[in-house]
Amino acid sequence: MKQTILVTGGTGFIGSHTTVELQEAGYEVVIIDNLSNSNANVVDGIEKITGIRPAFEKVDCCDMEALEGVFKKYPKIEGIIHFAASKAVGESVEKPLMYYRNNLTSLINLLELMPKYDVKGIIFSSSCTVYGQPSPENLPVTENAPIQKAMSPYGNTKQVNEEIIQDYIHSGAPIKSIILRYFNPIGAHPSALIGELPNGVPMNLIPFVTQTAMGIREQLKIFGNDYNTPDKTCIRDYIYVVDLAKAHVKAMERVLDKPECEAVEVFNIGTGKGLSTLEVVEGFEKATGVKVNWTYAPRREGDIEQVWGNVDKANKVLGWKAETPTEEILRTAWRWQQQLRERGIQ
Ligand code: UD1
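Residues numbered from 1 in each chain as written. Predicted model: local features only at pLDDT ≥ 70, side-chain atom pairs only at ≥ 80, totals over all residues. Heavy atoms only, no water.

Undergrad: Lay out the packing of helix H5 (residues 96-116) against helix H6 (residues 153-170) in plain terms, naming residues and giving numbers.
TA: Orientation of H5 relative to H6, taken along the N-to-C sense of each, is 20°, at an axis distance of 10 Å. Considering their axes alone, H5 and H6 lie roughly parallel with respect to each other. Considering the relative orientation of H5 and H6, their crossing is right-handed. Taking contact as the criterion, the partners of Pro96, Tyr99, Tyr100, Asn103, Leu104, Leu107, Ile108, Leu111, Glu112 and Pro115 in H5 are, on H6, Pro153, Tyr154, Asn156, Thr157, Val160, Asn161, Ile164, Ile165 and Tyr168. Among the residues making up the contact of H5 with H6, the classes are represented as 14 nonpolar, four polar and one charged. (Axes fitted to C-alpha atoms, helices over the stretch in contact; angles between N-to-C directions. Helix = DSSP H or I, 4+ residues; strand = E, 2+ residues; numbered from the N terminus. Parallel < 35°, antiparallel > 145°, perpendicular 65-115°, else oblique. Left-handed = near helix turned anticlockwise from the far one by under 90°. Contact = heavy atoms within 4.5 Å. Nonpolar A, V, L, I, M, F, W, Y, C, P; charged D, E, K, R; others polar.)

Okay, here's the thing in structure tokens:
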């Protein structure tokens, strides 16, 4: 058995998939989650897939006392993967203080407890949102591209949290950190036992596509067909959530076991390939044989025209590569949606 890892937000979309990959790689996992945007029965799905039930505690990372209780109860925790955060861009504009309080306090509490409980490494979930719209010569965007002013309080919490980690480590804190900047995570576990469960009307593209295909939503709106891209729709780098989860395993191995790992390292985690919104919708129809009722609609405020990642650093240094073909990823998203229907959830 490898080290014990604390996964905050472990019942969420990326957290649950990462817990599966960590367990399959031999790590012991303790999940904490406040269940504000997920369900405790996700732990059952993880157990069904891996045959191992991770420890689960309903704890909010903002609650310092409860959080410290977790480190006391599980003294073998050596690494943390910190997913727990509020992540709805629109909501963050309406409730900025809630976003700053939740996303910043959680990280600060964890960082403060790490030296006390001898926790050596933390992987932080960041986002390509920190790059804003990169200039054309900076596409695909590398980790060295300039950070641009955040377009929402949510985006700003990612930027500020990255700086908090940097500042803390530069102050001499005896910890290491790997910051992963994700592009657009999509899909679900091939078993369809875990996946993304959006609250209410989905904001993200793939859940909206699968719900429209299922007839839950009448029509998908493709936001904007007047962008300066080949088919005039936006371009993103869609990364399979299972591939993304595996990147966390590599990052954990590096931060805990590789002496050459620097105190803070930053990696883009994407496919290195941009897909337009239209290509995704057409790709979904082709992969599943299911038609999606869609129409063009005006641009969505705050959307970036095009961004995709240069992932050479993760390929070389982490020894990780996104390997799942897009068609297969889209099929996993559809299987998950079908499974939700069978279980009477959506
Ligand atoms: C969003 C967040 C980003 C976050 C990421 C996590 C914004 C502005 N950014 O990225 O900070 O890290 O989610 O996954 O919200 N689209 C449609 N119709 C829809 C939904 C989406 O055409 O109904 C298009 C969007 O215009 C965009 C693409 O699909 O071009 C992807 O959208 P989405 O899944 O919401 O992700 P992002 O906006 O890229």
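Undergrad: Hey, could you go over the pairing of strand S5 (residues 121-127) for me, with residue numbers and the actual values?
TA: The element S5 is extensively covered by neighbouring structure, given that seven of its seven residues are classed as buried. Across the two faces of S5 the burial is the same, with Gly121, Ile123, Ser125 and Ser127 and Ile122, Phe124 and Ser126 all buried. As defined by bridge partners, S5 adjoins strand S6 (residues 176-182) across seven bridges and the pair is classed as parallel. In the strand pairing of S6, Ser127 is matched with Tyr182. This β-α-β element, S5 to H6 to S6, shows right-handed connectivity. (Buried < 20%, exposed > 50% of the residue type's maximum accessible area, 1.4 Å probe, protein only. Pairing = 2+ DSSP bridges. Right-handed = clockwise from strand over helix to strand, strands pointing away.)

Undergrad: Let's hear about the site of the ligand: which residues, and what values?
TA: Around the ligand sit 20 residues in total, of which Leu205, Lys221, Arg236, Arg300 and Asp303 are the nearest. Ser127 places a side-chain nitrogen or oxygen 3.1 Å from an oxygen atom of the ligand. Between the ligand and Leu205 there is a distance of 2.8 Å, counted from an oxygen atom to a backbone nitrogen or oxygen. Going through the elements one at a time, strand S7 (184-186), helix H7 (205-214) and strand S8 (220-223) are the ones with two or more residues in the shell around the ligand. If one sorts the elements of the shell around the ligand by residue count, S8 sits on top with four residues. Considering only residue class, the shell around the ligand consists of 11 nonpolar, five polar and four charged. (Near = heavy atom within 4 Å. Polar contact = N/O pair within 3.5 Å; in protein donor to acceptor, adjacent residues only side chain to side chain.)

Undergrad: So what about the sheet that holds strand S1 (residues 4-8)? Which residues, and what values?
TA: Think of a sheet as strands paired side by side through backbone hydrogen bonds, with each pair either parallel or antiparallel. Spatial strand order, S3-S2-S1-S4-S5-S6-S11: seven strands in an open sheet with parallel pairing. Two strands in the sheet have a free side with no partner beyond their single neighbour: strand S3 (55-58) and strand S11 (264-269). With direction set aside, neighbouring strand axes in the sheet form an average angle of 20°. In this sheet, S5 lies alongside strand S4 (residues 77-82) in parallel orientation, the contact comprising four bridges. Paired with Gly79 across the bridge in S5 is Gly121.

Undergrad: Would you mind going over H6 in detail, with residue names and values included?
TA: Compared with the 26 Å implied by 1.5 Å per residue over 18 residues, the 25 Å span of H6 between its first and last C-alpha is a close match. Within the sequence span of H6, burial applies to Pro153, Tyr154, Gly155, Thr157, Lys158, Gln159, Asn161, Glu162, Ile164, Ile165 and Ile169. Summarising the contacts, the buried residues of H6 are in contact with helix H4 (89-94), H5, S5, S6 and S11. Of the residues trailing H6, Gly172 is marked for its positive phi of about 105°. (Expected span 1.5 Å × (residues − 1).)

Undergrad: An account of helix H8 (residues 241-257) is requested, with residue identities and associated values reported.
TA: For H8, spanning 17 residues, the distance from its first C-alpha to its last is 24 Å, which sits close to the expected 24 Å at 1.5 Å a residue. In terms of burial, H8 is a largely internal element, 13 of the 17 residues being buried.

Undergrad: Before we move on, could you go through the packing of aromatic side chains and cite the residues and values that matter?
TA: Enumeration according to the criterion identifies three aromatic pairs in this entry. A ring pair is formed by Trp294 and Tyr296, whose centres lie 4.9 Å apart and whose planes are at 75°; its orientation type is edge-to-face. Taking the ring centre of Tyr227 as reference, the NZ or CZ of Arg299 above it sits at 3.9 Å. Cation over ring: Lys313 sits above Phe267, and NZ or CZ is 4.8 Å from the ring centre. (Phe/Tyr/Trp six-rings, centres within 6.5 Å; stacked < 30°, edge-to-face > 60°. Lys NZ or Arg CZ within 6 Å of the ring centre and 35° of its normal.)

Undergrad: Quick one: what's the story with the pattern of salt bridges, residue by residue and with numbers?
TA: Scanning all chains against the criterion turns up 15 salt bridges. For Glu91, the salt bridge goes to Lys95, with nearest N and O atoms at 3.7 Å. With a relative accessible area of 40%, Lys95 lands in the partly exposed category. Through salt bridges that share partners, Asp44, Glu47 and Arg53 make up one connected network. (Salt bridge = Lys/Arg side-chain N within 4 Å of Asp/Glu carboxyl O.)

Undergrad: How would you sum up unusual backbone geometry? Please name residues and give values.
TA: Backbone torsion omega between Leu139 and Pro140 reads -10°, so that peptide bond is classified as cis. Looking at the secondary structure, you find Pro140 in the loop between S5 and H6. For Asp118, which is not glycine, the phi torsion reads 55° and is therefore positive. One non-glycine residue, Lys232, lies in the positive phi region at around 75°. Topologically, Lys232 is positioned in the loop between S8 and strand S9 (235-236). For Lys232, a relative accessible area of 40% puts it in the partly exposed group.

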